[in-house]
Structure formats: C-alpha cells, structure tokens
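A look at the structure
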Amino acid sequence: MMKHLLFGILLFFSCTFSSTCHAQIPESSTPAVGKYRYLLLAKAGTISRYRIQIGESITFKRFQDKKLQTMEVLDIRGNSFFVEGLEVPLKDVEKIRLKNHTGGRKVAHFMGSFLKAGGTVFTLVGAVNVLTNLNDKPDRIDAFQTIGGALTLYGVGTGLHVLRNGTYKINKKWTLKVIEMY
C-alpha cells in the first residue's frame, strides 16, 4: 500500500511542477543545426556507403584540378566541406579516393606488404647464394631460381598494393552527400 501511495505522490508532483517538456522546442526558435556531420559516399541502389568524418584526411579531385589532392577535413557545412582554408562545394568534386576502407582492401594491403617483404628478403638470400657459389654450377642455378621466385612475390605484392585504394567517380552511380544528425 505504501509503495502505491509513494508512486501517486511522485506522479502528482511531477505533473504539477513540470509546466513544459524539455524535449520539445518551441516553433519560434531558430532552426536546429546538426550536431554531428559527416560526408557520405554512397552507391545508388546498394548498401555500399563510406563515411568521411571531420578530422580524417580525404583524397579528392575537383573538376578544375589536374590531379588528386589529399587534405584533412576541417569542417562540413551546408553542401561543402572545408580543407586548409579552402571551401570545396560537393558539386565541384569529381573523384574521391579511399584507402583501406573495406575488409578486402585491408587484407590486400597486409598481404601486399607481406609479399613485398618476403620477396625482398629472398632476393637478398638468392643474391648472396649467387655470389658465394661462383664455382658450384647447380647451387648457382638454384640461387637464380630463388631470385626469380622472390621477384615474382615482390611483383604480386606490388599488384596487391594497387588494389588497396578505391577511386570513385562522383556521378549517378556514386553520390557524395553531407549528412547531419541532430
């Protein structure tokens, strides 16, 4: 009985002394500004979406630029983002390049580094074997085969490093938007 009486008193006082709800904003106030903003690179018709946050570096190319630029995103407002004192409207962005943003690209980067390191080590081992076995013909041939295999590993690693970057042309297929969360 005492528990119901306490809940009743609490309900009475909460209804009596709270004249306005703090969650509601009067209509006469200024429009709310997003507290959390980011750039969203999205592929139309799929769930492929990549976020670019404030403080991250972005690699982009504008229509009037000759090559890609990499800069840190300082702020995002309206339909543009700001990098190092430059306002870049989203309509001026032609391409975006992202590094290591998916699991497959992260694996490609790791395997590329691993294969390049292995190729370098075994190239050195093969070169040392070639130089130390000047008179022994079969060992020298094995050393040349080691160098050939190692250079192949290095080439495959370099090829995987090319796959670690994704370049997306902004058009009907890939869109770049500013997302604001309140």
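Up top is the structure these notes are about.
Counting from 1, residues in each chain are numbered in the order their sequence is written. The predicted origin of the model limits local features to residues at a pLDDT of at least 70 and limits the giving and counting of side-chain atom pairs to 80 or more, whereas totals for whole chains, interfaces and linings rest on all residues. Water and hydrogen atoms were dropped before computing side-chain values, which therefore reflect all heavy atoms in the structure.

**Quick word on helix H2 (residues 103–132)**
Strands here mean DSSP runs of E at least two residues long; helices mean DSSP runs of H or I at least four residues long; both are numbered from the N terminus. Here a helix's expected span is defined as the number of its residues, less one, multiplied by 1.5 Å. For H2, built from 30 residues, the straight-helix expectation of 44 Å at 1.5 Å per residue is met to within 8% by its first-to-last C-alpha distance of 43 Å. Think of it in three bands: with a 1.4 Å probe and only protein chains considered, a residue is buried below 20% of the maximum accessible area for its type, exposed above 50%, and partly exposed in between. The complete set of buried residues in H2 reads Ala108, Gly112, Leu115, Gly119, Gly126 and Val130.

**Quick look at the sheet that holds strand S4 (residues 69–72)**
Two strands make a pair as long as DSSP finds a minimum of two bridges between them. With respect to topology, 4 strands assemble into an open sheet ordered S4-S3-S8-S9, the strand pairing being antiparallel. The open sheet has two edge strands with one neighbour each: S4 and strand S9 (165–169). Neighbouring strand axes in the sheet, compared pairwise and without regard to direction, differ in orientation by 30° on average. Bridging between strand S8 (residues 93–99) and S9 involves 5 bridges; their strand directions are antiparallel. Residue pairing for S9: Lys95 is matched across the bridge by Lys169. Only the stretch in contact is used when fitting a helix axis, every axis being a line fitted to C-alpha atoms; angles between N-to-C directions are given from 0 to 180 degrees.

**Topic: the nonpolar core**
Membership of the largest hydrophobic core comes to 21 residues, with the highest contact counts inside it found for Leu39, Leu41, Ile58, Phe81 and Ile96. Mapped onto this core, the elements with two or more residues apiece are strand S1 (36–43), strand S2 (49–53), strand S3 (57–62), strand S6 (80–83), S8 and strand S10 (174–181). The contact criterion used is simple: two residues touch if any of their non-hydrogen atoms lie within 4.5 Å. In contact with Leu41, not counting residues within four places along its chain, are Ser48, Arg49, Tyr50, Ile96, Leu98, Tyr168, Ile170, Trp174, Thr175 and Leu176. Residues belong to a common nonpolar core when they are buried Ala, Val, Leu, Ile, Met, Phe, Trp, Tyr or Cys residues joined through side-chain atoms within 4.5 Å.

**Some points on the pairing of S1**
With 6 of its 8 residues buried, S1 lies for the most part within the structure. Once S1 ends, the chain turns through 5 residues before running back antiparallel as S2, passing Gly45 with a positive phi of about 85°.

**Description of the packing of aromatic side chains**
Here is the rule: rings of Phe, Tyr and Trp (six-membered ring for Trp) pair when centre to centre is within 6.5 Å. Planes less than 30 degrees apart are stacked, more than 60 are edge-to-face, and the remainder are tilted. According to the stated counting rule, one finds 6 aromatic pairs in the structure shown. Ring plane angle 50° and centroid distance 5.6 Å describe the contact between Tyr36 and Tyr38, whose orientation is recorded as tilted. An aromatic cluster is built from Tyr50, Tyr168 and Trp174, whose rings are joined through pairwise contacts. For a lysine, the NZ atom is tested; for an arginine, the CZ atom; a charge sits over a ring if that atom is within 6 Å of the ring centre and within 35 degrees of the ring normal. The ring of Phe82 has Arg77 lying over it, and the distance from NZ or CZ to the ring centre is 4.5 Å.

**Section: the side chain of Thr59**
Here Thr59 lies in strand S3. In protein, a polar contact means a hydrogen-donor-capable atom and an acceptor-capable atom, both N or O and within 3.5 Å, with residues adjacent in sequence counting only if both atoms are side-chain atoms; elsewhere, any N or O pair within 3.5 Å suffices. A polar atom in the side chain of Thr59 sits 2.9 Å from the side chain of Thr70. Residue contacts for Thr59: discarding those within four places in its chain leaves Leu68, Gln69, Thr70, Lys95, Ile96 and Arg97.

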